Amino acid sequence: MALPIFYGASLGNLCLLMAALLVVFAAPLVFNDGFLQQIMQTIALYTVAAIGLNVLVGYQGQISLGHGALFAFGAYASALLTTGAGVPVWVAIFTAAAIAGLVGYLVALPTLRARGHYLAMVSIALAIVTFVVAQTWIAVTNGPTGIGNIPRPEWFDGTTMGALRKFRPFGVDGPVLTGQVLYFWVCAGLALIVQLLANNLLTGRWGRTVNAVRQSEIAAETIGVSVYGMKLKTFTFSAVLAGLAGALFTHQQGYIVSDTFTFDKSVELLVFVILGGVRSLFGPLIGTTVLVILPELLKTIGSYDVLPKSNLVLQVALVAFGGVCALALTRLSRKQNVTRSVLSLGVIAGFLGFTLITPQIIEHFLIVYGALLIVFLVTMPDGMAGFLKALPGVRSLWQQPKASASRTVSSLDGLVDIAPAALRTSLRLDDVRMYFGGVKAIDGVSIIVESGQVHGLIGPNGSGKSTLVNVVTGVYEPTGGEIRLGTRLLNRLRPHTIAAAGVTRTFQNIQLFKDLTVLDNVMMGFHTQRRAGFVHQLLRTRTAAIEEDSVRERSLKLLAFLEIEHLAYAEAQSLPYGLQRMVEIARALATGPSILLLDEPAAGVNPSEIGRLSNVIRRVAASGVTMLVIEHHMDLVMGVSNHVTVLDYGKKIAEGTPASVQANQRVIEAYLGSADSFDDLRRTRVAEPA
């Protein structure tokens, strides 16, 4: 459907949306009880926070243990705006979300420049400090006394939903609407909108990019992704949703107190995500629903005599059944999805059944709740969404439609139409030095890689070849000297800026985004050529959708150029090493490089595939791409190079045509080890390319 937003939505998508709207509308009318309606409100508002945390923790891979603090910022901001400043509730809710987003941005701004566990540590500190401030800043938060008389949103006639007791909009025989019903529609409606917008993000370019950053930051940087910028955007987006949920919570309760926002709140939100299933579109909804209902259900069962009395035989049978299922589960591989699902249900049924018919246990419902969480996490390592996805007949719902690329790029100049180079220019290294303390990894190396040529770089192990690649691509900042692409100085530029300028690379140890498909890996290479921004992707506008389709088609053509289009929908990590190398080259070519650096492309490749790799390099070179090939495989580098430079102990010891380099005595001694090897080399030498 050619809609202004959600462009390309199908009739099936529309039917699913109508079904969701019907459920949202009917749920509070079917469960016509104030307590149940409040539980449903809680599920909806916590789902909003869990969706944001899933984007951060699941897709981005950043652990945050402080989202309870951002939830609190949203709650207090909305409460203070409405009770103290007289701001309308509708305005206050979204203003509070923006305030939480700003706080998240300011926290992440310095923190995300570090790597590893620093974000988790800072987020824990944020949660603790926020609670202490809420507890002690009496003048603003009222501390343990709390803030009361927080209004709910206004109804059409100016009456707040909290003051609305009964309302019959469809006549005396129609359904009775109350403030609880209306506020559920507000919470559930916002949760549905957030879910739809998150689906737009996570199933398109944005979701592909955060997945790529999680799997390999260095690979993402070298194809033009600002890893720091992407992390910052993701954390801010997640903080906005946490603040929105906090604002909805404060207007649901009508009264908030500092004790609500302890560190436990952050852990609770994280458990919603993990139990529901990280990196699952609907995992947050599933996890939140189960974990909000479960304690209330256990509390009810523990308080009322609604189950059979203790029965020793039944208790032993349930424990034995659960134990046998658990033992069998430990002996299964993760690939046996159906059997694992059945045994997981068996473990849960055995444990839950035993606790429910044992009064001495069920009356301590919080202990049971905690133990059940452990059982769920152990038996469902991929979360409840992963468990459901593995059930027979369900997996097919997740399968992508297969497509094939038309082989329209058989000519050698076809690559120009797929991924035109940013700039046809030379790469110049002038007296480049890279020192690590007293170790001179590169010591005064000068190289000119002329436009349109294949320039070989060889040398024994430890000669500084890979270090040189890292210096050129911005992974290391050189100690001295100059690196220029044309007239542009690259010395102090970040890898993603250098990639955008036209210099990209492959890696000696392949750095694919292994959880993504081959097609998604190649589409990532077009990152710097994309123009549709965050808002376009969030709403999936016509601009974003058409750009996505165009990039997908160009990626398929690029795969066809390398004769691997039949693997487009295979997971990258499932391919043999040689084919993974081809995918990495395809991804690099998608950036439209002026200079492509191939770091030991033959490393790990089967000898029978070396000829294919040589042919690919020649075809790419014939399309006009300038390449610097770093390689140990002498036949390969001598067969494809126009010019060769030799390094030894960080210094350039020879340079020239392949023939002149092979005849150089210093190269023979440094690289080949003896004069006898020189005769062997000459017998196997490949003719110099024209």
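Look above for the structure.
So, here's what we can say about the structure. (Residues numbered from 1 in each chain as written. Predicted model: local features only at pLDDT ≥ 70, side-chain atom pairs only at ≥ 80, totals over all residues. Heavy atoms only, no water.)

This brings us to the packing of aromatic side chains. Summed over all chains, the structure comprises 11 aromatic pairs. Residues F71 and F261 carry aromatic rings whose centres are separated by 6.2 Å and whose planes lie at 50° to one another, so their mutual orientation is tilted. Note that F71 is positioned in helix 3 (residues 67-83) and F261 in the loop between helix 10 (227-253) and helix 11 (263-276), a separation of 190 residues in sequence. For F71, a relative accessible area of 0% corresponds to the buried category. Measuring from ring centre to ring centre gives 6.0 Å for F237 and F534, while their planes differ by 70°; the resulting arrangement is edge-to-face. In this pair, F237 sits in helix 10 while F534 sits in helix 22 (residues 534-539), placing the two residues 297 residues apart along the sequence. Of the residues examined, F237 reaches a relative accessible area of 13% and is grouped as buried. Three or more aromatic residues joined by ring pairs form one cluster here, namely Y46, F71, Y76, F249, F261 and F272. One cation-aromatic arrangement involves K265 over F249; the distance from NZ or CZ to the ring centre is 5.5 Å. Here R587 stacks its cationic end above the ring of F513, 4.7 Å away from the centre of that ring. (Phe/Tyr/Trp six-rings, centres within 6.5 Å; stacked < 30°, edge-to-face > 60°. Helix = DSSP H or I, 4+ residues; strand = E, 2+ residues; numbered from the N terminus. Buried < 20%, exposed > 50% of the residue type's maximum accessible area, 1.4 Å probe, protein only. Lys NZ or Arg CZ within 6 Å of the ring centre and 35° of its normal.)

Our next topic: the side chain of T47. Looking at the secondary structure, you find T47 in helix 2 (residues 34-60). The exposure class of T47 is buried, given its relative accessible area of 3%.

The next point concerns the pairing of strand 2 (residues 439-449). Here strand 1 (residues 427-436) pairs with strand 2 via eight bridges, running antiparallel. When the bridges of strand 2 are listed, V432 appears paired with V445. (Pairing = 2+ DSSP bridges.)

So, about the pairing of strand 4 (residues 480-485). Sheet analysis places strand 1 next to strand 4, joined by five bridges and oriented antiparallel. From the neighbouring strand, L429 faces strand 4, where its bridge partner is I483. Remark: two residues form the turn of the hairpin made by strand 4 and strand 5 (residues 488-489), two consecutive strands paired antiparallel; G486 in that turn has positive phi of roughly 65°.

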